[in-house]
Amino acid sequence: MNRSISITLLTLAIVLFSQPVLSDIRMHGIWKEISQTDNDSTLYLIVKKDGTLIDIYAQESALDIFPAGNYTIEENNLHIDYGDGESEVLEFSVGENRLKLTGKNWTEEYMRFAHDDSLLSGSIILAETGMFTMIEYIGDEGTDDYFAFHANNAAKAETIDREGTARLFEFWEGDLKGQIQTNNNIIVQPLNSQVLLFSVGKPELIKNLRELLP
Amino acid sequence: MNMLTILLALVFGVNQTTHADDIKPDQPPQHNADTASMQPPERPDNMVHREYDKNHIPECVDKRVFGYWYLSDEEDTTPFESVEYVEWLSPNGNVVTIPTGGDAKRDDLMPMQATFDCDTVVFRASHIPQDYEYSYEMRDDNLVYYSNDDGGFYYRRLPSDTSLLKALLRLVATGEVESFDTVNAEGLLGIKNATIVDLIDSKNQLMLIHQAEENMVGMIQNNGEHLALSIDPSVLALSFRASDTDQIKRVLNAAKLSKNTLRE
């Protein structure tokens, strides 16, 4: 075998083995549970590229966010390591916009969640940073403050370590543009054209967000 | 209490050269009693918005005299925490004074005008019948001494960590501030202290937030209207209830430091 062929084969091998297979790529993203098992909440499953899973239970007044373990994919099996020695293997099939997970006695179907300009969408972006356990909607609190800010709705969250806060303001029919930054941080940032993030105290939040912004 | 610190100083200061602490702004001098009982005077638009020709400031005027000041003493024995009023002497001759307590109403915010000559300055205000002429002398970069035949008083430059007060002074200098007040913005923004500024003749408000981190820059617009703007490296202004968005824009642009004008 001459040298150029061996280099070509080596390159091919590297490319083949370093690329995730199609099913891996298709798994990545945000999945919304189709058959709502709980009337009060909708489950969103985030399959992150970094090999972690996040469960979000979206209720009318808040999003509850849970780290749901690390995953690996082997053929059509999803291995989930929940930590503390607990693990589970689920069978899956995935298409462009549908995901089916099958466990021992259950099957669950999901549809792909597409980001839009809603407060929910902005909240899911915030949840995906992994820095929050809960995002509360404060639109019903009756305070005039965010109305005074011309916002139509708002949400608040505190980072897990309680060192940072985030506020989301939704402006219907908004066309938000711009950014306010300091030396080390961005403190005001539109997440989409209608949702504005105001964050204090955690530069890492914006670092994490950078990858997530559409 | 609607007198300006400097006027108090002008009247009181004559005998208070080294005892500025004793000056109580809530004890207006005798000859100001008429002013205190007057109806709130009309906003002296001509003073606030007068276009000054900086070229007319004589070359011999020491430009260090312009800036942000508080009434002090020669030895700097007045802790800044006990200072009740601060003022801005802007390069166009406007003098605005605000209380440091976090709230003020329009009557507390009457502006004055300073006209400088080489060694002297005349202070006048539409609501004060008399003009006051003083000699002034820069004792160092941060200390100025005003005096006349009746005595003198010292003004010391504001410390560097007073950007919220400075931003408020610049806002008040626009002549469009009705009042301001300190509020708890914990619910809205997760920040304890914020300052709400009511603008005149409208329901417009600004919320000022002090961020200790410096070099804040940038702005947020919504459908082309100002929503948030850094008006100082550590002060963020949010616009509230913007019924007259031109006013919001005008006031914010007048109050911001020019280097914070990114991404307009």
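The sections below set out a description of the structure shown in this document. (Residues numbered from 1 in each chain as written. Chains lettered and ligands numbered in written order. Predicted model: local features only at pLDDT ≥ 70, side-chain atom pairs only at ≥ 80, totals over all residues. Heavy atoms only, no water.)

With that settled, consider the pairing of strand 10 (residues 153–159) of chain A. Residue and element names in this part refer to chain A. Bridge count for strand 9 (residues 132–137) against strand 10 is four bridges, and the pairing is antiparallel. Bridge pairing in strand 10 links I135 to A157. Examined bridge by bridge, strand 10 and strand 11 (residues 165–170) share six bridges and lie antiparallel to one another. Pairing of K156 across the sheet is with R167, part of strand 11. Taking the residues between adjacent antiparallel strands as the criterion, strand 10 and strand 11 are bridged by five residues, where R162 takes a positive phi near 65°. (Pairing = 2+ DSSP bridges. Helix = DSSP H or I, 4+ residues; strand = E, 2+ residues; numbered from the N terminus.)

Residue and element names in this part refer to chain B. Read around the closed barrel, the eight strands follow the order 1-2-3-5-6-7-8-9; overall the barrel is antiparallel. Sheet twist, expressed as the average angle between the axes of neighbouring strands with direction ignored, equals 35°. With four bridges joining them, strand 5 (residues 112–116) and strand 6 (residues 120–124) adopt antiparallel strand pairing. Bridge pairing in strand 6 links Q113 to R124. (Axes fitted to C-alpha atoms, helices over the stretch in contact; angles between N-to-C directions.)

So, on to helix 4 (residues 163–172) of chain B. For an α-helix, 3.6 residues make a turn, and residues three or four places apart therefore share a direction. Counting buried residues along helix 4 of chain B, nine of its ten residues qualify, which places the element largely inside the surrounding structure. Within helix 4 of chain B the residues assigned to the buried category are S163, L165, K166, A167, L168, L169, R170, L171 and V172 of chain B. (Buried < 20%, exposed > 50% of the residue type's maximum accessible area, 1.4 Å probe, protein only.)

On to the state of the cysteines. Residues and elements named next belong to chain B. Using the criterion set out here, one finds one disulfide over all chains in the structure. Bridging C60 to C118, the disulfide has an S-S length of 1.7 Å. Its torsion about the S-S bond being -75°, the disulfide of C60 and C118 is classed as left-handed. Remark: C118 occurs in the loop between strand 5 and strand 6 and C60 occurs in the loop between helix 3 (45–48) and strand 1 (67–72); sequence separation between them is 58 residues. (Disulfide = S-S within 2.5 Å.)

Okay, the pattern of salt bridges next. All names here are of chain B. One pass over the structure, following the stated rule, counts twelve salt bridges over all chains. A salt bridge links R139 to E74; the nearest nitrogen and oxygen atoms lie 3.3 Å apart. Here R139, found in strand 7 (residues 132–140), pairs with E74, found in the loop between strand 1 and strand 2 (85–89); they are 65 residues apart in sequence, far enough to count as distant. Its relative accessible area of 34% is what places R139 among the partly exposed residues. Given a relative accessible area of 38%, E74 falls into the partly exposed group. E176 is the partner of R250 in a salt bridge, and the nearest nitrogen-oxygen pair spans 2.7 Å. Of this pair, R250 sits in helix 6 (residues 245–255) while E176 sits in the loop between helix 4 and strand 10 (177–185); the two residues are 74 residues apart in sequence, bridging distant segments of the chain. Connected via shared salt-bridge partners are D62, R64 and D141. (Salt bridge = Lys/Arg side-chain N within 4 Å of Asp/Glu carboxyl O.)

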